[in-house]
Amino acid sequence: MFELSSMGIGFGSLLMLGLMIALLLTGMQLAFVTGLVALIFTLGWFGPDALPLVTSRMYSFVDGYIFLAVPMFVLMAALLDRSGIARDLFDAMKSVGRRLRGGVAVQTLLVAVVLASMSGVIGGETVLLGILALPQMLRLGYDRKLAIGTTCAGGALGTMLPPSIVLIIYGLTASVSIGDLFKAAFLPALLLALMYIGYVLIRCKLNPALAPLPTEQELAEDAARDISYFKALFFPLLSVGVVLGSIYTGVASVTEASALGVVGIMISTVIRREMSWSMLKDSAIATMRTCGMIMWIGIGASALVGVYNLMGGIDFVEETILAFSGGSPTMTLLIMMVILLVLGMFLDWVGVALLTMPIFVPIITGLGMDPIWFGVVFCLNMQVSFLSPPFGPAAFYLKSVAPKDISLGEIFSSLLPFIGLQLIALTLVIVFPQLALWWR
């Protein structure tokens, strides 16, 4: 019987990649593609005796205690999506944007920062802002592309801002402290949000037609609305303080803080008289769907990386990248960035993280670079992928709730300036690592 191992690792790598692409083009889900390819290469390269080695790697992925934080933060996002907390928060923040040109866009970004700091999941935030902020900006006569880009890019800030699920998955894959990742990502995430706000204000200053000021009648109507600022701001800020404060001060681990966050959101909805069995059921089902997707992709990717490691593939990739880069750490990093940007345009971020980080992180540490800093760089890279065509998920989330006359092409074209800002932020963190390692 012909054995795959007779082909050599170079040809085997190309065959594995080609088989994955072919299966993905059939419409098969990434989780099943990676699992099937792992099974084929395990049997074809080593034989059935190697299967226990691969399955043990799959078990080690799902057995991690820190993985419990993922469903907790996803559940927080699901509860936020179904409660009125985000809506009240947006209404309360209107005081920021009443008389400022471009103020509603700035208000949208500030709300996005708070929501991202509460859940760390981008889907729900993008949809919420698409429902709350986008119609208001369009009604006030804001430039369509500015309104669309601000809403979509703001919703994707959950990729970077702690407690980001992307950072948690990276920490699990790279075996580094997730608490340290949260500390490292905070300043770059805040910098990116400020860059968005600065871009909006500068553009509106240079071209006032992009963001008309509200009329005196509209200002009077907003002022007359009975908004309970305590109710609107207290619970979100308390949740952010409990989750991030307990992590940064060392009072609680990431997993414990995630549970505290869920309890805090549930108590908030009970006090606000919004909690119901149907809301809890829908949130739980949404959480199971999201976590099930992450779990299956993780199992398939862990199996694939495990068998590829046994084949000697990780050493082969390291030698290939170092050969192309001439051993230069800077060139090696740039090659990795290009690979991540390309993969991010076509694959889900979970798959990108689980397929590449077991290979890239050992190379990074071997070159003397900090894996915590690299986690922030990776996260910024995935932030770009969330907005990039052809499969930028944030654009599809917004399209699901945007007015019907807004096309997917218009959304992607509106995001180009924000993608440019993300690339600038990525460059700054690469050139100035202390932006991520300021806390040490």
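The structure displayed is predicted, hence computed values, not measured ones.

What follows deals with helix 21 (residues 408-431). With 24 residues, helix 21 should cover 34 Å at 1.5 Å per step; its first-to-last C-alpha distance of 34 Å lies within 8% of that length. At Leu 416, helix 21 shows its maximal kink, close to 40°; a proline, Pro 417, follows between one and four residues later. Buried within helix 21 are the following residues: Glu 410, Ile 411, Phe 412, Ser 414, Leu 415, Phe 418, Ile 419, Leu 421, Gln 422, Ala 425, Leu 426 and Val 429. Residues of helix 21 that are buried in the fold lie against helix 9 (144-155), helix 11 (178-206), helix 17 (329-344), helix 19 (371-387), helix 20 (393-399) and helix 22 (434-437).

Once that is clear, we can look at the packing of helix 9 against helix 11. Relative to each other, helix 9 and helix 11 sit at 170°, their axes nearing to 11 Å. Considering their axes alone, helix 9 and helix 11 lie roughly antiparallel with respect to each other. Contacts from Leu 146, Thr 150 and Ala 153 in helix 9 reach Tyr 196, Tyr 199, Val 200 and Cys 204 in helix 11. Taken together, the residues of the contact of helix 9 with helix 11 sort by class into six nonpolar, one polar and no charged.

Next up on the list: the pattern of salt bridges. Between side chains of opposite charge, a pair can form when the charged atoms approach closely. Using the criterion set out here, one finds three salt bridges in the structure. A salt bridge links Glu 410 to Arg 144, with the nearest nitrogen and oxygen atoms 2.8 Å apart. Placement of Glu 410 in helix 21 and of Arg 144 in helix 9 is noted, with a sequence separation of 266 residues between them. Salt-bridge contacts for Arg 272 lead to Glu 274; the nearest nitrogen and oxygen are separated by 2.9 Å. The exposure class assigned to Glu 274 is partly exposed, which follows from its relative accessible area of 24%. Several salt bridges converge on common partners, so that one network encompasses Arg 144, Asp 405 and Glu 410.

As enumerated under the stated definition, the model contains zero disulfides in all. No disulfide involves Cys 204; its sulfur sits 18 Å from that of Cys 152, the nearest cysteine. We note that Cys 291 lacks a disulfide partner, and the nearest cysteine sulfur, in Cys 379, lies 17 Å from it. Residue class for Cys 291 comes out buried when judged on its relative accessible area of 12%.

Tracing the backbone through its elements, the reader meets Thr 356 in helix 18 (residues 349-366). Accessibility expressed as a relative area gives 7% for Thr 356, which makes it buried. Excluding residues that lie within four positions of it along the chain, Thr 356 makes contacts with Leu 340 and Leu 343.

To continue, consider a nonpolar patch on the surface. On the surface, Met 28, Phe 32, Leu 36, Leu 39, Ile 40, Leu 43 and Trp 296 cluster together into a nonpolar patch covering about 620 Å² of accessible area. Here the nonpolar patch gets five residues from one element, more than from any other, and that element is helix 2 (residues 30-45). Positionally, Leu 36 belongs in helix 2. The partly exposed category is assigned to Leu 36, whose relative accessible area is 33%.

With that settled, consider the packing of aromatic side chains. On inspection of all chains with the given rule, the structure shows six aromatic pairs. With 5.3 Å between their ring centres and 75° between their planes, Tyr 199 and Phe 418 make a pair best called edge-to-face. In this pair, Tyr 199 sits in helix 11 while Phe 418 sits in helix 21, placing the two residues 219 residues apart along the sequence. Under the relative-accessibility criterion, Tyr 199 is labelled buried at 18%. An aromatic cluster of at least three residues, connected via ring pairs, comprises Tyr 196, Tyr 199 and Phe 418.

Where helix 19 contacts helix 21, the axes come no closer than 9 Å and their chain directions differ by 170°. Here helix 21 runs roughly antiparallel to helix 19, going by the angle between their axes. Residues Trp 373, Val 376, Val 377, Leu 380, Asn 381, Gln 383, Val 384 and Leu 387 of helix 19 form the contact with helix 21, whose participating residues are Phe 412, Leu 415, Phe 418, Ile 419, Gln 422, Leu 423, Ala 425, Leu 426, Val 429 and Ile 430.

Mapped onto the secondary structure, Ile 419 falls in helix 21. Look at Ile 419 and you get buried, because its relative accessible area is 10%. Between the C-alpha atoms of Ile 419 and Phe 386, which are 33 residues apart in sequence, the distance is 9.5 Å. In this structure, Ile 419 is in contact with Val 384, Leu 387 and Ser 388, ignoring residues within four places of it in sequence.

For the bond running from Pro 162 to Pro 163, omega is 5°, close enough to zero to count as cis. In this structure, Pro 163 sits in the loop between helix 9 and helix 10 (165-174). In this model, Arg 273 sits at a positive phi of 60°, which is unusual for a non-glycine residue. Its relative accessible area of 79% is what places Arg 273 among the exposed residues.

Let us look at helix 4 (residues 69-82). With 14 residues, helix 4 extends 20 Å from end C-alpha to end C-alpha; this agrees with the ideal 20 Å at 1.5 Å per step. Counted residue by residue, helix 4 has 10 buried out of 14 residues, so it is predominantly covered.

Structurally, the position occupied by Phe 234 is in helix 13 (residues 229-248). Judged by its relative accessible area of 36%, Phe 234 is partly exposed.

Ile 165, Ile 169 and Phe 374 are the most contacted members of the largest nonpolar core, which has 148 residues in total. In terms of residue count, the dominant contributor to this core is helix 11 (14 residues). Here Ile 169 is in contact with Phe 67, Val 70, Ile 294, Trp 349, Ala 353 and Leu 354, once residues within four sequence places are set aside.

Rules and cut-offs
- Residues numbered from 1 in each chain as written.
- Predicted model: local features only at pLDDT ≥ 70, side-chain atom pairs only at ≥ 80, totals over all residues.
- Heavy atoms only, no water.
- Helix = DSSP H or I, 4+ residues; strand = E, 2+ residues; numbered from the N terminus.
- Expected span 1.5 Å × (residues − 1).
- Bend = angle between axes of the 7 residues up to and from the residue.
- Buried < 20%, exposed > 50% of the residue type's maximum accessible area, 1.4 Å probe, protein only.
- Contact = heavy atoms within 4.5 Å.
- Axes fitted to C-alpha atoms, helices over the stretch in contact; angles between N-to-C directions.
- Parallel < 35°, antiparallel > 145°, perpendicular 65-115°, else oblique.
- Nonpolar A, V, L, I, M, F, W, Y, C, P; charged D, E, K, R; others polar.
- Salt bridge = Lys/Arg side-chain N within 4 Å of Asp/Glu carboxyl O.
- Disulfide = S-S within 2.5 Å.
- Patch = residues over 30% accessible without salt bridge, like charges linked within 9 Å, V, L, I, M, F, W, Y side chains within 5 Å.
- Areas by Shrake-Rupley, 256 points an atom, 1.4 Å probe, with all protein chains shown as cover.
- Phe/Tyr/Trp six-rings, centres within 6.5 Å; stacked < 30°, edge-to-face > 60°.
- Core = buried A, V, L, I, M, F, W, Y, C linked by side-chain atoms within 4.5 Å.

Function cannot be read off these values alone, since they describe shape.
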